[in-house]
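# Close look at the chain arrangement
What follows is each chain in one-letter form.
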Amino acid sequence: MPAHQLHRRTWLASPVDEAFEFFCDPMNLQRITPPELDLVVDEPPQGPLCLGAEMGYRLRLWGVPFRWRTRIVDWKRGKEFVDTALTSPYRRWEHRHILYPEEKGTTMLDLVDYELPLRPVGELAHFLVRLQLDRIFDHRESAIQRIFGCP
């Protein structure tokens, strides 16, 4: 059982195939991440996103630079994929992206299981970490809906 979970549901005014393609382009991650995180995809996957693909990012959080590297560990084309962090500030990070058709659009679920480092002391910071994650995912939802022209 993961230590923490973050679940988000976002509706997109777009067919599921179009939405899935958007999330398969790592460069779109830069478009939906808060600008103060200064996210740069500096190691894009070799070829199209698929099972086993890896990519690397540079970010800043509160001015502190760090690296993030992920691998796609589950892949169901047009429906869902899971990326897991190989390198990140988290002890464990697994992000499942699920997309399914819904009336006049697509619903996307973000299901994130994560654990903080330096247990048990790291847990003292969970309140602040969760506030930051909620803010990042709020921005992400707003950016996605703007890109897809949602009302």
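That block above? That's the structure.
For the structure given in this document, a descriptive report is provided here. Just so you know, these numbers come straight off a predicted model, no measurement behind them.

### Considerations on a nonpolar patch on the surface
Taken together, Phe 127, Leu 128 and Leu 131 make up a surface patch of nonpolar side chains, about 340 Å² in accessible area. Secondary-structure assignment places Leu 131 in helix α3 (residues 126-147).

### Thoughts on the pattern of salt bridges
Following the criterion strictly, the structure yields 19 salt bridges and no others. Two residues, Arg 69 and Glu 54, come together in a salt bridge whose shortest N-O distance is 3.2 Å. Placement of Arg 69 in strand β4 (residues 64-76) and of Glu 54 in strand β3 (residues 54-61) is noted, with a sequence separation of 15 residues between them. Taking the relative accessible area as the measure of exposure, Glu 54 reaches 24% and is therefore partly exposed.

### Topic: the sheet that holds strand β5 (residues 80-87)
Taken in spatial order, the seven strands make up an open sheet running β1-β7-β6-β5-β4-β3-β2, and their pairing is antiparallel. In this open sheet, the two strands that pair with only one neighbour each are β1 (4-12) and β2 (40-43). Put simply, the sheet's adjacent strands are angled 25 degrees from each other on average, direction ignored. When β3 meets β4, the two strands line up antiparallel, connected through eight bridges. Residue pairing across strands places Tyr 57 opposite Trp 68, the latter belonging to β4. In this fold helix α1 (residues 16-24) packs onto β1, β4, β5, β6 (92-102) and β7 (105-115), with an angle of close to 155 degrees to the strand it touches most, β6. Along the sheet, α3 contacts β1, β3, β6 and β7; its crossing angle with β1, the most-contacted strand, is approximately 15 degrees.

Calculation rules
Residues numbered from 1 in each chain as written. Predicted model: local features only at pLDDT ≥ 70, side-chain atom pairs only at ≥ 80, totals over all residues. Heavy atoms only, no water. Patch = residues over 30% accessible without salt bridge, like charges linked within 9 Å, V, L, I, M, F, W, Y side chains within 5 Å. Areas by Shrake-Rupley, 256 points an atom, 1.4 Å probe, with all protein chains shown as cover. Salt bridge = Lys/Arg side-chain N within 4 Å of Asp/Glu carboxyl O. Helix = DSSP H or I, 4+ residues; strand = E, 2+ residues; numbered from the N terminus. Buried < 20%, exposed > 50% of the residue type's maximum accessible area, 1.4 Å probe, protein only. Pairing = 2+ DSSP bridges. Axes fitted to C-alpha atoms, helices over the stretch in contact; angles between N-to-C directions. Contact = heavy atoms within 4.5 Å.

Remember that the coordinates give geometry; whether it matters functionally is a separate question.
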